[in-house]
Number of protein chains: 2
Amino acid sequence: MPHIPLPEGEPGIVSLMVAFRESEKPLNALGQAVMCGPSSLTRAERELIATYVSHGNQCRFCTNSHAAVARRLLGPRADIVSQVLSDPESAPISDKMKALLVIADKVRRDGRLVTPEDVARARAAGADDKAIHDTVLIAAMFCMFNRYVDGLATWTPEDPSVYEAIGERIATKGYGSRFREGPTPPMAE
Amino acid sequence: MPHIPLPEGEPGIVSLMVAFRESEKPLNALGQAVMCGPSSLTRAERELIATYVSHGNQCRFCTNSHAAVARRLLGPRADIVSQVLSDPESAPISDKMKALLVIADKVRRDGRLVTPEDVARARAAGADDKAIHDTVLIAAMFCMFNRYVDGLATWTPEDPSVYEAIGERIATKGYGSRFREGPTPPMAE
């Protein structure tokens, strides 16, 4: 049961966004800019980072939601998501992504853990400055979302179809699409 | 030395905001909404929570910056800031603030640590739903800011006058005031 009254039937961060519109707008604008805006990382790569960080923080609502977005964006390669969550080093992803997930996990635990060697490994595998920046910001942002969702004990549905619907909506219409009419973000990975 | 090239002479999150304008705008809009928008908490109370969380995360740039904002807003009661950082339970703050700082520190560590008893204590001391919501969101948001600043190893100046200038600017002109012309947020605590 949530720590404060929230709209019934609305899950996770959606319940908070429905109830608190002053923060909903910039939270969704931030999600849209970071997860769907210009980047050298594909949208699927960014959603994988978000899912991995949320899983590390054991936030079930965010993990399930962003795993569904990532699967939708990955299409036939959707199995990558569960492989990344169980063991990123053996998952069929690029060396660049493996190096970026190491950085993301350190940011999740404490930003000060990221070393020049971690960054050098990512660069050697092809990550540019924007990829390194975006990885750190995605990890940091999901440390916020995870805490917002769990710190207020919002509802985490068990029904997988809830997350499939969220995944479909964010993949095709972007962040905040429930609250606005707006342009469809590019689907390209 | 920062992990990626950043504008020289710009400290902490400012360097990231100058370099990455797509995320700067929603990050500042979020800061403005949460820290200066409508709330049952005063701006000084919100800055105290932000400072306390940043201190817990050992993010020196954010701690120094928001301590300066809080001191500026508190005026003659500015000493409260260092008292809260060394021991909130004995600091000359309300029981409501003491209870909210307990919640903020739990959110900082892991949102799932917040118990119904923590929330009941805050309510009994006068916190309403919005105060509880805002405390959780402030703590979560600074877990993001702290990680963004430290995960990219941005510059943390030693000169206290840098933080006094940041404190003065945010206290009097709000978040993002370096990047926009806009209304002055209410100073009232």
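Because the structure is a prediction, the values reported are computed rather than measured.

Draft legend 1. How the structure looks around the confidence of the model for chain A. Mean pLDDT over chain A works out to 95, with 95% of the residues at or above the 70 mark. Taken together, the chains of this predicted complex give a pTM of 0.96 and an interface ipTM of 0.96.

Draft legend 2. Structural context of the relation of the copies chain A and chain B. Once turned by 180 degrees and shifted 0.0 Å along the axis, chain A lies on chain B with an RMSD of 0.0 Å. These values place the two chain copies in the arrangement generated by a two-fold rotation axis. Both copies contact each other with a shared surface, as 100% of the interface residues of chain A are interface residues in chain B too.

Draft legend 3. Geometry of the interface of chain A and chain B. Every contact between the two is made by 41 residues of chain A and, on the other side, 41 residues of chain B. Across the chain A to chain B interface the summed buried area is about 3400 Å²; carbon plus sulfur atoms make up 71%. Summed over the three residues of chain A that lose the most area to chain B, namely His 3, His 133 and Arg 147 of chain A, the buried surface amounts to 20% of that side. Summed over the shared surface of chain A and chain B, the number is 0 salt bridges. Between the two partners, chain A and chain B, sit 12 residue pairs in polar contact (both at pLDDT 80 or more). Elements that contribute at least two residues to the side of chain A that touches chain B include exactly helix H2 (21–36), helix H6 (95–109), helix H7 (116–124) and helix H8 (129–151) of chain A.

Draft legend 4. Summary view of H7 of chain A. Residues and elements named next belong to chain A. Among all positions in H7, only Asp 118, Val 119 and Ala 122 are buried. End-on view of H7: buried residues confined to an arc of 95 degrees, all on one side of the axis. Among the exposed residues of H7, those oriented more than 90 degrees off its buried face are Pro 116, Glu 117 and Ala 124. On its buried face, H7 sits against H6 and H8. Backbone geometry just after H7 places Gly 126 at a positive phi near 110 degrees.

The rules behind the values
- Residues numbered from 1 in each chain as written.
- Chains lettered and ligands numbered in written order.
- Predicted model: local features only at pLDDT ≥ 70, side-chain atom pairs only at ≥ 80, totals over all residues.
- Heavy atoms only, no water.
- pLDDT = per-residue confidence, 0-100.
- Least-squares fit on C-alpha atoms with pLDDT ≥ 70 in both.
- Contact = heavy atoms within 4.5 Å.
- Buried area = accessible area lost by both parts, 1.4 Å probe.
- Salt bridge = Lys/Arg side-chain N within 4 Å of Asp/Glu carboxyl O.
- Polar contact = N/O pair within 3.5 Å; in protein donor to acceptor, adjacent residues only side chain to side chain.
- Helix = DSSP H or I, 4+ residues; strand = E, 2+ residues; numbered from the N terminus.
- Buried < 20%, exposed > 50% of the residue type's maximum accessible area, 1.4 Å probe, protein only.
- Arc of directions from axis to C-beta.

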